[in-house]
Amino acid sequence: MLRATLRPSRSLRPLASAASAATASGRRATHSSTPKRSAAAAVQQPSVPSGPSGPSGWAQATQNAHNILAEGAAVEDPLFAIKGEIGELKASLFQMLGSSHPSLDAVAKYYFKAEGKALRPLLVLLMAQATNGLAGRGWESAYARAAEDQRLRSGGINRAVTEMGGVLNDWNPESMGLEPRGRMVFSEPFRITRSEAGTQDQLGGFNFLFSSNQPPNPPEVTHTKFADILPAGDGKVILPTQRRLASICEMIHVASLLHDDVIDASDLRRGAPSAPAAFGNKLSILAGDFLLGRASVGLARLGNAEVTELLSTTVANLVEGEVIQLKATTKPAESPTQAGFEEYMRKTYLKTASLMAKGARCAVILGGCGEGSTRDAAWIKDVAYGYGRNLGIAFQLVDDMLDFLPASADLGKPGSGADLRLGLATAPALFAWEEHPELGPLIRRKFSEDGDTATALELVKNSQGLQRTGELAKYFANEAKELIMLLPPSEARDALVDLTIKVVDRVK
């Protein structure tokens, strides 16, 4: 039986508590300014009923799980704290995504036009607001650079690192206007010519110029409102680099959706035709690659090597998670094991939580908690990462629960066992497998025979699978709350606490 490993049980919880206590104790001993753990952050571990549930309808089965998640969940919308910035997110993203190719332009922007949760940008912006100013001299330096860029109107985060014309060849109509056409550019080799006119330099006494067949220089970078420092309440501000980071995280996420919808042959995304259904598989894959390319450009212009390293690994993590999921469908487990559940949770981190965790960590790095900062600032990075990781895992566990609910436009998900039809056994099914060994043959044949999906849904319904998944999600969400409560009080911190409740008590 996996009961001790697949849920927050008495064997799991003390280990987590002991590790947390040892870490907190060590930090308090070495970091005199580290905020103390708030009494409000204490979490009561929910008890888990043993044994199968009696036969009940879907309403009862899902209500039991919902009751676990929704306990004490009357909070205000955490979007309120930075509502204006989230409202501007689409305009900021569109400014980065223009292409001279109309079809690529259309599909790259397609998913951004629909209403979404914007959870990743929200997490980045709230974490920035909650931690800006805590890094001492690191914060002062980061703020001074942003203020100088804004004073000079130099373009800041929009300024290219490679300034030589004819090299990038990445024309963005959203920020540069229409691309000039009609010149013969790529039909001739790239040349550099010598000119004896003008001042001499150290290279043989001549100035070296591009030949006339090279592409025209792009227009001068104009300073936009997205390159400004954003007042954010609580006497805090959000830096332009952090605002751009929020957009980059969303671009990476949406690129993964474009690729996932091709892999899963999905016809719908949030109740509307998916990109593959609307534009075809090839354009959807290319648009996802284009988004990753433009995200990489934005990342380079942030000018921070640690942030570049962290977010680059999230792309690799997404691919690794997809490969683990593919393996689970091509070589399903023979029985429910601890190792199998750990692999499922690892996949959950790689595909979902990695981007949230590293995005949150990057937000505080850009706020001055980067390399060479104080030990307290390094501790803040760990708080941000741990919060994002725990929140992301809770979020995905609830997503896997929602897949077992009847299909609904409000959910923004196909529902009714869509994952089962793809051959995927997620937490509710893995938990139910403990109680119902007859699920094993269905999982091994990837729910491929007629009636398999309906049978699996019925077995999950008549098990503790949904309830235990809900408890595990709430366990991770509570751990995220404990971590974020270590930060000094602020409106943004309160919104991040509220977010731990929202992700497990959500409709969409």
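As annotated in an unreviewed UniProt entry, the protein chain carries the name (2E,6E)-farnesyl diphosphate synthase and comes from Trichosporon asahii var. asahii. In the Sequence similarities (unreviewed entry) part of its UniProt record, the protein chain is described as follows: "Belongs to the FPP/GGPP synthase family." Quoted verbatim from the Cofactor (unreviewed entry) heading of the UniProt record, the comment on the protein chain is "Mg(2+)".

**Student:** Just to check I follow, could you spell out the overall build of the protein chain for this structure?
**Tutor:** A count of helices and strands for the protein chain gives 20 helices and 6 strands. Within the protein chain, the fraction of its 508 residues that count as buried is 51%.

**Student:** I tried to follow helix α16 (residues 427-435) on my own but got confused; where do I start?
**Tutor:** Within α16, 9 of the 9 residues are buried, leaving the element largely enclosed by the surrounding structure. Of the residues making up α16, those classed as buried are Ala-427, Pro-428, Ala-429, Leu-430, Phe-431, Ala-432, Trp-433, Glu-434 and Glu-435. Tucked into the core, α16 has its buried residues touching α13 (338-369), α14 (375-402), α17 (439-444), α18 (452-461) and α19 (465-484).

**Student:** Teacher, can you tell me more about the nonpolar core here?
**Tutor:** The nonpolar side chains of a soluble globular protein tend to be buried with one another. In terms of nonpolar packing, the biggest core is built from 121 residues, with Met-127, Tyr-387, Leu-397, Leu-439 and Leu-496 touching the most fellow members. A total of 15 residues in this core trace back to one element, the largest contributor, which is α13. Met-127 has contacts with Ala-360, Ala-363, Val-364, Ala-384, Tyr-387, Ile-484, Leu-487 and Leu-496, leaving out every residue within four places of it along the chain.

**Student:** Even after reading the chapter, I still don't get the packing of aromatic side chains, so can you show me in this structure?
**Tutor:** Two descriptors summarise a pair of aromatic rings, namely the distance from one centre to the other and the angle between the planes of the rings. Applying the stated criterion across every chain yields a total of 6 aromatic pairs. For Arg-389, the ring lying beneath its charged end belongs to Tyr-349, and the centroid distance is 5.5 Å.

**Student:** Would you mind showing me how to read the pattern of salt bridges here?
**Tutor:** Pairing is possible between side chains that carry opposite charge, provided their charged atoms lie close to one another. Following the criterion strictly, the structure yields 19 salt bridges and no others. The shortest N-O distance in the salt bridge between Glu-334 and Arg-444 comes to 3.8 Å. Placement of the pair is Glu-334 in the loop between α12 (305-330) and α13 and Arg-444 in helix α17, with a sequence separation of 110 residues. Salt-bridge contacts for Glu-434 lead to Arg-468; the nearest nitrogen and oxygen are separated by 2.8 Å. With Glu-434 in helix α16 and Arg-468 in helix α19, the pair connects residues that are 34 residues apart, well separated along the chain. Owing to a relative accessible area of 0%, Arg-468 belongs among the buried residues under this scheme. Through salt bridges with shared partners, one network takes in Asp-105, Lys-109 and Glu-174.

**Student:** How should I be thinking about helix α7 (residues 137-152) in this particular structure?
**Tutor:** For α7, built from 16 residues, the straight-helix expectation of 22 Å at 1.5 Å per residue is met to within 8% by its first-to-last C-alpha distance of 22 Å. By the burial criterion, the buried members of α7 are Trp-139, Ala-142 and Ala-146. Taken end-on, α7 shows its buried residues confined to a sector of 70°, consistent with a single buried face. Set apart from the buried face of α7 by more than 90 degrees, the exposed residues are Arg-137, Glu-140, Arg-145 and Arg-151. Taken together, the buried residues of α7 touch β4 (237-238), α9 (240-263) and α13.

**Student:** When you look at the confidence of the model for the protein chain in this model, what are you seeing that I'm missing?
**Tutor:** Mean pLDDT over the protein chain works out to 81, with 74% of the residues at or above the 70 mark. This model gives residues 1-56 a pLDDT under 50, and the stretch forms 87 contacts once residues within four places in sequence are excluded.

**Student:** Which parts of the structure should I look at to understand the environment of Leu-258?
**Tutor:** Here Leu-258 is to be found in helix α9. Leu-258 gets classed as buried once you look at its relative accessible area, which sits at 1%. Separated by 30 residues in the primary sequence, Leu-258 and Gly-288 place their C-alpha atoms 5.6 Å from one another. Among residues more than four places away in sequence, those in contact with Leu-258 are Tyr-111, Ala-275, Ser-284, Ala-287, Gly-288 and Leu-291.

**Student:** Teacher, can you tell me more about unusual backbone geometry here?
**Tutor:** Excluding glycine, residues mostly carry a negative phi; peptide bonds, for their part, are mostly trans. For Lys-446, which is not glycine, the phi dihedral falls at a positive 60°. Assignment of secondary structure puts Lys-446 in the loop between α17 and α18. You can call Lys-446 partly exposed: its relative accessible area is 36%. The residue Phe-447 is not glycine, and still its phi comes out positive at about 55°. Assignment of secondary structure puts Phe-447 in the loop between α17 and α18. Taking relative accessible area as the criterion, Phe-447 reaches 5% and is therefore assigned buried.

**Student:** When you look at the environment of Thr-469 in this model, what are you seeing that I'm missing?
**Tutor:** Take Thr-469: it is sitting in helix α19. By relative accessible area, which is 0% here, Thr-469 ends up buried. For the pair Thr-469 and Met-401, spaced 68 residues apart in sequence, the C-alpha to C-alpha distance is 7.0 Å.

Rules behind the numbers
- Residues numbered from 1 in each chain as written.
- Predicted model: local features only at pLDDT ≥ 70, side-chain atom pairs only at ≥ 80, totals over all residues.
- Heavy atoms only, no water.
- UniProt positions renumbered as here; feature names shortened; annotations may be inferred.
- Helix = DSSP H or I, 4+ residues; strand = E, 2+ residues; numbered from the N terminus.
- Buried < 20%, exposed > 50% of the residue type's maximum accessible area, 1.4 Å probe, protein only.
- Contact = heavy atoms within 4.5 Å.
- Core = buried A, V, L, I, M, F, W, Y, C linked by side-chain atoms within 4.5 Å.
- Phe/Tyr/Trp six-rings, centres within 6.5 Å; stacked < 30°, edge-to-face > 60°.
- Lys NZ or Arg CZ within 6 Å of the ring centre and 35° of its normal.
- Salt bridge = Lys/Arg side-chain N within 4 Å of Asp/Glu carboxyl O.
- Expected span 1.5 Å × (residues − 1).
- Arc of directions from axis to C-beta.
- pLDDT = per-residue confidence, 0-100.

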